[in-house]
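Next come the chains, spelled out residue by residue.
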Amino acid sequence: MGLFEMIENASGIDLPDQIAGIDIPKPDLGDLMHIAGGVLSNIDGIDDIIEKATQVREIVACTRKTAGDCWGVIDRAQDVYDSVGGKIEPLEPLLKMDISRLPEAVSMFNKDTLDACIAVMGDVLDLGKLLQKMSDVLAAVKAIFEKVMEVSGDIIEQVSGFFQDVAEDFAATLHLESALDGIQDLWENLCQIISELSDISSSLSPVLEAWEDQNWFGAATFGISHFDEVKDAFMRFWPAWENCQGQYSKSRDIGENAWGRAKSIYTKYKQVLNQLCKYTGIDVPGGHDAVDEKAMPTIAPRGGFEIEEPFEPID
């Protein structure tokens, strides 16, 4: 899948404004679409190395912002998990059904609890889609930094001639395999969870709709007569929920690692550009902080943004 397709896929995943009563921030992927749609593909045609290096700086800045926004969304999704967990707790005899708890499950099975269970499953399904969207975006972040490595070869080579440590440090940081290890497996597992939860919900919704159509007398006996129809669906939910929790933990690790690496790449590229301009006898275009605003995420994690050390160019 190409870079542009990755971002299109992420943009095409529709999410509600809230999941389990928690507001869901949505990262703006416009800058990333612009980079993927033309900037990266055209940058090899730029002959002037300072102009090219300045373009690369903007790409790195925008990608840093996207990585930070992804981490902010993923971290704040913890509130969604906590809210979903609270909704699951009173429904656990149904949602964590096994043979030993069957009498308890039957006794609490009614139209209201079925409705609540379906709502919870919808929340978990939306949560899976949210994580899938973020994994798509992080895969695009990885692909962009790999492309930056590819197009920056002449920049790195020139800086290596007079400040090898700075050039090599930047090049080494661009290798994101360790920071984003497991992202493909994460995406595939999330697809399986989404498919499973969609199937479970679709098997339960018709039962609830039929129950709504019953008169008072029919409703009193409807639950018992239709319990076997929903029992198997309930028994499939808990493994899917536990799997979703495991994938969230992996998403946190990958998202935080990607954000940390993106910050490092941006800072180290500023050193590369500083040395390149110094070597050619010109000022850094726009100054060292020219695109810092573009590099700043707009979606903060729950603890807020950390205070970062100001950039100090190496003399």
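Conventions used here
Along each chain, residues carry numbers from 1 onward, in the same order as the chain's sequence is written. Whole-chain, interface and lining totals are the exception, using all residues; otherwise, since this is a predicted model, local features are given only for residues with pLDDT of at least 70 and side-chain atom pairs are given and counted only at 80 or more. Side-chain numbers come from the whole structure's heavy atoms, not from hydrogens or water. Here, nonpolar core refers to any group of buried Ala, Val, Leu, Ile, Met, Phe, Trp, Tyr and Cys residues whose side-chain atoms link them within 4.5 Å. Exposed residues in this analysis have more than 50% of their type's maximum accessible area, buried residues have under 20%, and partly exposed residues fall in between, with area computed by a 1.4 Å probe over protein chains only. Helix numbering and strand numbering both begin at the N terminus, where a helix is a DSSP run of H or I of at least 4 residues and a strand a DSSP run of E of at least 2. Note on contacts: a residue pair qualifies if any of its non-hydrogen atoms lie within 4.5 Å across the two residues. One number per residue, pLDDT, summarises how confident the predictor is, and it ranges from 0 to 100. Here a cavity means grid points, on a 1 Å grid over the protein atoms only, where a 1.4 Å probe fits yet cannot get out; a pocket means an open set of points with protein on both sides within 12 Å along at least five of seven lines; lining residues are those with an atom within 4 Å of a point. Grid points are joined across faces, edges and corners, and a volume is the space filled by probe spheres set on the points. Between the rings of Phe, Tyr and Trp (Trp by its six-membered ring), a pair exists once the centres lie within 6.5 Å; its type follows the angle of the planes, with under 30 degrees stacked, over 60 edge-to-face, and the other angles tilted.

Moving on, we get to the nonpolar core. In this structure, Leu94, Leu95, Leu204, Phe234 and Phe237 are the most contacted members of the largest nonpolar core, which totals 103 residues. Ranked by residues supplied to this core, first place goes to helix α10 (residues 216–280) with 21 residues. Apart from residues lying up to four places away in sequence, Leu204 is in contact with Leu114, Ile118, Met121, Val230, Ala233 and Phe234.

This part covers the confidence of the model for the protein. Here the protein averages 86 in pLDDT, and 93% of its residues register 70 or above. Model confidence for the protein, summarised as mean pLDDT per element, is weakest for helix α1 (residues 3–12) at 71 and strongest for helix α11 (residues 292–295) at 94.

Approximately 300 Å³ is the volume found for the largest pocket. Along the wall of the largest pocket there are 15 residues; nearest its centre are Lys270, Asp292, Glu308, Glu309 and Phe311. Among the elements of the structure, α10 and α11 are those that each provide at least two residues to the lining of the largest pocket. Of all the elements, α10 adds the most residues to the lining of the largest pocket, at five residues.

Following the criterion strictly, the structure yields five aromatic pairs and no others. For the ring pair Tyr81 and Trp241, a centre distance of 5.6 Å and an interplane angle of 25° mean the geometry is stacked. Separated by 160 residues along the polypeptide, Tyr81 in helix α3 (residues 49–88) and Trp241 in helix α10 bring together distant segments of the chain. An identical accessibility class is assigned to Tyr81 and Trp241; each is buried. On the numbers, 4.1 Å between centres and 5° between planes, the contact of Phe162 with Tyr279 is stacked. With Phe162 in the loop between α7 (153–160) and α8 (164–173) and Tyr279 in helix α10, this residue pair connects regions lying 117 residues apart in the sequence. Taken together, the ring pairs in this structure connect Tyr81, Trp241 and Tyr248 into an aromatic cluster.

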